[in-house]
Structure formats: structure tokens, C-alpha cells
Amino acid sequence: MKFNIFSPILLSIYMMVGCSTINKTQLGAAMGTAGGGIAGEVVGRAYGNSAVGAIIGAAVGGVTGSVIGSKMDKQAEEIKKEVPGVKVERVAEGIVVEFNSKILFGYNQADLSAASKKNLDELTKVVQKYTNTNIEIQGHTDNKGSFNYNQSLSQRRAASVAQYLREKGIDNNRINIKGLGESSPKYDNDTVTGRTENRRVELLISANERMKEESRKEGETGGK
């Protein structure tokens, strides 16, 4: 399906994402004005971020999306408060939690360190309170080494995080993993700092079907 990213609807979404003052709950509501997959692709390109694009691609939009966004605002604030050393980004109807790999793993390793387990323990406490969410775990690498090796390493790292969350009581049905290797850099691979930042694991938190249905009902009744 071909589309013009500068059509009025998609251009407005693109501009909203680029605005640092945009209310993330309002952005969630706006997603209903365009196909989720198309909006996700446009915004993912704008951000240079596959995680953000994936969340927007799954957005339902409208009043329901606005209600979901409000719930995600609360969860994101708790994660920021309780989990040290992570980057937390609220966008549309979801949350992206970024762990730099040096927080979780030794160099070229896929086994979680003792310190990283403490961070994941704190994250687990928060996500266990919000059972109506899905969690996609994405592993990423820099562009050093072979493509195939990086792909495998990113998959193993994502799997390690997923397994630990399961061991801590997170329902397996909520978890999905992806190894993206070097294919989705967020930072500059031409610098040492950028390559370090690209060696990361991201957790994408989004509404499951139950939350979507509950939010739809809340939107229809005005939260009463």
C-alpha cells in the first residue's frame, strides 16, 4: 500500500511527534485519524526508533487511546521513580524503557549481571501492578562484528531478560521477544559513545486487549 507521508493527517502526526511540548495522551488520541501501521511507520522514521514506531503501529486512537495514554502516564512515572539507570519514554499509548547493555550485561555477554537483576527486580514490581499490558523485549547491538553474530547476540540478550521476568512472576503470555541486531540504531555508530548506547535492550509496554476494552468503556462513560 502506497501513501504520501505529507498528507494532512500523517503530516500532522509527524509534526506532533517532533514537538517537545506535545502531550503524550493527546498524541494517543490522535492516532485514530490514520491507520495504525502507517502512522507507526511514519513516526518510527521520524524518531529513528523502531520501538516508538511499533507502539504507535499498535495504537487504537480516539477516546480509547486517550484513556490508555492516561494510564500509561501513571505507569511511566512509577518506572522513572523506582528503576534507576534507565531511560523511560512515553509515546502515544505505550512506554519504551531503555536499558543500556552495560547496565545489564558484560561486554559481548548475554548473561545478566547481579546488579542488572536488581534493576529488573524494581521494574518487575511496577509492571506486576499493571497486569493489562503486553511487554515486547527488543535486543539491539552496534554495527561492529558480523551481521549474523550481532543478530544472535541481540536475540540471546532479549531472551535473558524475558526469562528473568518470567522467573519473577510475569505471565509468559504478556511477553514477546525480538532480536534486532544492528538493524535499528538510535545513536551514532561512528562514535564510541554512540556504539555503546546502541548496545541496548528496550522494553515496549503497551495495552493488551483487556485494557483496550476497559478503556473503551471508560471513554464512553466519561470515566464514571
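Here, every reference points to the structure presented above.
Fair warning: this is a prediction, and the values are worked out from it, not measured in the lab.

A. Inspection of the pattern of salt bridges at higher detail. Taken as a whole, this structure holds 16 salt bridges when the rule is applied. A salt bridge links Lys87 to Glu197; the shortest N-O distance between them is 3.3 Å. Remark: Glu197 occurs in helix H9 (residues 192-198) and Lys87 occurs in strand S1 (residues 87-91); sequence separation between them is 110 residues. The class for Lys87 is partly exposed, based on a relative accessible area of 41%. Residues Lys212 and Glu209 are paired through a salt bridge, measuring 3.6 Å at the closest nitrogen-oxygen approach. Of the two residues, Lys212 and Glu209 are both situated in helix H10 (residues 209-221); the distance of three residues between them amounts to about one turn of the helix. One network of salt bridges, with partners in common, ties together Glu98, Lys186, Arg200 and Glu202.

B. Representation of the nonpolar core within the structure. Judged by nonpolar contacts, the single largest core of 32 residues is most densely connected at Phe99, Ile137, Val161 and Leu203. Looking at this core, the elements with two or more residues in it are helix H5 (62-82), strand S2 (94-100), helix H7 (114-127), strand S3 (133-139), helix H8 (147-167) and strand S5 (200-207). Sequence-distant contacts of Ile137, that is, excluding residues within four places in its chain, are made with Ala158, Val161, Ala162, Leu165, Ile175, Asn176, Ile177, Lys178, Val201, Glu202 and Leu203. With eight residues, the next largest nonpolar core counts Ile55, Ala92, Val96 and Leu204 among its residues.

C. Spatial organisation of the packing of H5 against H7. In the contact formed by H5 and H7, the axes pass within 10 Å of each other and the chain directions differ by 155°. Taken as axis vectors, H5 and H7 run roughly antiparallel relative to one another. H7 is crossed by H5, and the crossing has right-handed handedness. Taking contact as the criterion, the partners of Gln75, Glu78, Ile79 and Glu82 in H5 are, on H7, Glu122, Leu123, Val126 and Val127.

D. Seen up close, empty space enclosed by the protein. This model, assessed by the stated rule, comprises one cavity of 30 Å³ or more. Forming the walls of the largest cavity are Ile55, Ala58, Ala59, Ile68, Glu93, Ser206, Ala207 and Lys212. A breakdown of the residues in the lining of the largest cavity according to their chemical character gives five nonpolar, one polar and two charged.

E. A look at the layout of surface pockets. Roughly 150 Å³ of internal volume is contained in the largest pocket. If you trace the largest pocket, you find it lined by Ala54, Ile55, Ala58, Asn134, Ile135, Glu136, Arg174, Ile175, Asn176, Leu204 and Ser206. Contributions of two or more residues to the lining of the largest pocket are made by helix H4 (50-57), S3, strand S4 (175-179) and S5. Split by residue class, the lining of the largest pocket holds six nonpolar, three polar and two charged.

Scoring rules and cut-offs
- Going along each chain's sequence as written, the residues are numbered from 1 onward.
- With the structure being a predicted model, the display of local features is reserved for residues of pLDDT at least 70 and the display and counting of side-chain atom pairs for 80 or more, all residues being used for whole-chain, interface and lining totals.
- The basis for every side-chain value is the complete set of heavy atoms in the structure, and neither hydrogens nor water enter the calculation.
- Salt bridge, as applied in this entry: a Lys or Arg side-chain nitrogen positioned within 4 Å of an Asp or Glu carboxyl oxygen.
- Working definition: helices are DSSP H or I runs of at least four residues, strands are E runs of at least two. Numbering for both runs from the N terminus.
- Relative accessible area decides the class of each residue, using a 1.4 Å probe on protein chains only: under 20% of the type maximum gives buried, over 50% gives exposed, and in between gives partly exposed.
- The term nonpolar core refers to a set of buried residues drawn from Ala, Val, Leu, Ile, Met, Phe, Trp, Tyr and Cys, joined through side-chain atoms within 4.5 Å.
- Residues are treated as being in contact if the distance between any of their heavy atoms lies within 4.5 Å.
- Under this scheme, a helix contributes an axis fitted over its contacting stretch, all axes are lines through C-alpha atoms, and angles between N-to-C directions fall in the 0 to 180 degree range.
- Roughly parallel means an angle under 35 degrees; roughly antiparallel means over 145; roughly perpendicular covers 65 to 115; every other angle is labelled oblique.
- The hand of a helix crossing depends on one turn: near helix anticlockwise from the far one by less than a right angle means left-handed, and clockwise means right-handed.
- The pocket and cavity definitions rest on a 1 Å grid over protein atoms only: a 1.4 Å probe that fits but cannot leave marks a cavity, an open set with protein on both sides within 12 Å along at least five of seven lines marks a pocket, and residues lining either have an atom within 4 Å of a point.
- Grid points are joined across faces, edges and corners, and a volume is the space filled by probe spheres set on the points.
- Gly is placed with the polar residues, together with every amino acid not listed as nonpolar (Ala, Val, Leu, Ile, Met, Phe, Trp, Tyr, Cys and Pro) or charged (Asp, Glu, Lys and Arg).

Keep in mind these numbers describe shape, not what the thing actually does.
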